[in-house]
Amino acid sequence: WECTLHTFEVTASSRHYVDRLFDLDPQKVLQGVIDMKNAVIGNNKQKANLIVLGAVPRLLYLLQQETSSTELRTECAVVLGSLAMGTENNVKSLLDCHIIPALLQGLLSPDLKFIEACLRCLRTIFISPVTPEDLLYADTTVISHLMALLSRSRYTQEYICQIFSHCCKGPDHQTNLFNHGAVQNIAHLLVSTSYKVRMQALKCFSVLAFENPQVSMTLVNVSVDGELLPQIFVKMLQRDKPIEMQLTSAKCLTSMCRAGAIRTDDSCIVLKTLPCLVRMCSKERLLEERVEGAETLAYLIETDVELQRIASITDHLIVMLADYFKYPSSVSAITDIKRLDHDLKHAHELRQAAFKLYASLGANDEDIRKKVSILL
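Criteria and cut-off values
Residues numbered from 1 in each chain as written. Predicted model: local features only at pLDDT ≥ 70, side-chain atom pairs only at ≥ 80, totals over all residues. Heavy atoms only, no water. Helix = DSSP H or I, 4+ residues; strand = E, 2+ residues; numbered from the N terminus. UniProt positions renumbered as here; feature names shortened; annotations may be inferred. Expected span 1.5 Å × (residues − 1). Buried < 20%, exposed > 50% of the residue type's maximum accessible area, 1.4 Å probe, protein only. Contact = heavy atoms within 4.5 Å. Polar contact = N/O pair within 3.5 Å; in protein donor to acceptor, adjacent residues only side chain to side chain. Phe/Tyr/Trp six-rings, centres within 6.5 Å; stacked < 30°, edge-to-face > 60°.

Turning next to unusual backbone geometry. Of note in this structure, Glu 211 is not a glycine but carries a positive phi near 50 degrees. Inspection of the secondary structure assignment puts Glu 211 in the loop between α13 (195-209) and α14 (213-219). With a phi close to 50 degrees, Asp 225 is a non-glycine residue in the positive phi region. With respect to the element layout, Asp 225 can be found in the loop between β1 (223-224) and β2 (227-228).

Encoded structure:
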């Protein structure tokens, strides 16, 4: 009975928040939205209640009204973004209310703070696995407008690059972004003073270049501040850089190498990219990083005998990969249930990645195959 009473109280307070959105006094509506914003932060129950009670259509209405103050429209976008950070069901509910066209329309506003709030919300929605990427490409004018907004602020740069990297799935999307000047518009962001902007720009190039010779051949000739992109990528995979930056740079260089834009015997591949990816396979790295490192390395050396030979004698890689089969650790050794759950989740991915890399390593050399078979 106490539980039922508690649920009733939460719903009653949620109803109060929604009712305030319909007040005739614009100042009270604004204060209501601000109070709602503070109430939903980190509170998934409250978010779900507000969605069920119909807050989303009203927030979208206020966001789109020309008569709403810019402050009100911005706060509405912030609340919608917060609702989107809840569960996947929340995102589905927002999509059902046609939130994406409303937010894209908001990007035409002259007000930068409102644009940034709309982009932040769009970013949150597009990185959800339940959002179809094609929604970004439905209106042909959207990509051009997003490219134009890249110059507005470091926040527009960060959010737009993140949207692009999550919504670029396959050759059609790559071609669309490439034809809209993605390479030229994003290249200079690799030297931004903001780490987040640099990282999101790098992720963009990683997905644009993957298995795409046209993009890769273009990237190799692009320079920023007098430095060619491959040189910039090499600097980003140095040991003193964050791991995600090292890995993503290595993926860019790997794609360019596989496309024929960089030779397999180029020092940036043999002395920089390959050793970096081998480092990612060591047990000092997180399981996710080891999976990504091994899969990328397998792709890099897959068709080149000399790279296979070099990789096989770098940092005891073949022995290092044997460790990929040791997860999950014996249950008795793990007292932390979360850790066990994490290990179980990644055990299959680790084995798959190790098998891929073993297959690439031994593709052309009988001696390497013998070394692998002894360990397995």
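There is more to say, and it comes next.
As recorded in UniProt, the feature "repeat: ARM" (unreviewed entry) lies at residues 54-90. Within residues 54-90, the helical portion is 76% and the strand portion 0%, while the C-alpha atoms at the span's ends are 12 Å from each other.

Looking now at α13. Compared with an ideal rise of 1.5 Å per residue, which puts 15 residues at 21 Å, α13 spans 21 Å between its outermost C-alpha atoms and is within 8% of the ideal. Within α13 the residues assigned to the buried category are Val 197, Met 199, Gln 200, Ala 201, Leu 202, Cys 204, Phe 205, Ser 206, Leu 208 and Ala 209. Among the residues trailing α13, Glu 211 stands out with phi positive, at a value near 50 degrees.

It is worth spelling out helix α10 (residues 154-167) at this point. An ideal rise of 1.5 Å per residue puts 20 Å on 14 residues; α10 measures up with 20 Å between its terminal C-alpha atoms. Counting buried positions along α10 gives 11 out of 14 residues, so the element sits mostly inside the fold. All buried positions along α10 are accounted for by Thr 156, Gln 157, Glu 158, Tyr 159, Ile 160, Cys 161, Gln 162, Ile 163, Phe 164, Ser 165 and Cys 167. Looking at the packing, one finds that the buried side of α10 touches α8 (112-126), α9 (141-149), α11 (171-179), α12 (182-187) and α13. The N-capping residue of α10, defined by a side-chain oxygen 3.2 Å from the backbone nitrogen of Tyr 155, is Ser 153.

All right, on to the packing of aromatic side chains then. Counted according to the given criterion, the structure contains 3 aromatic pairs. Centroid distance Tyr 155 to Tyr 159: 6.2 Å. Interplanar angle 25 degrees. Geometry classified as stacked. With Tyr 155 and Tyr 159 both in helix α10 and 4 residues apart, the pair spans about one turn of that helix. A relative accessible area of 32% means that Tyr 155 is categorised as partly exposed. Take Tyr 159: its relative accessible area is 5%, and that puts it in the buried class.

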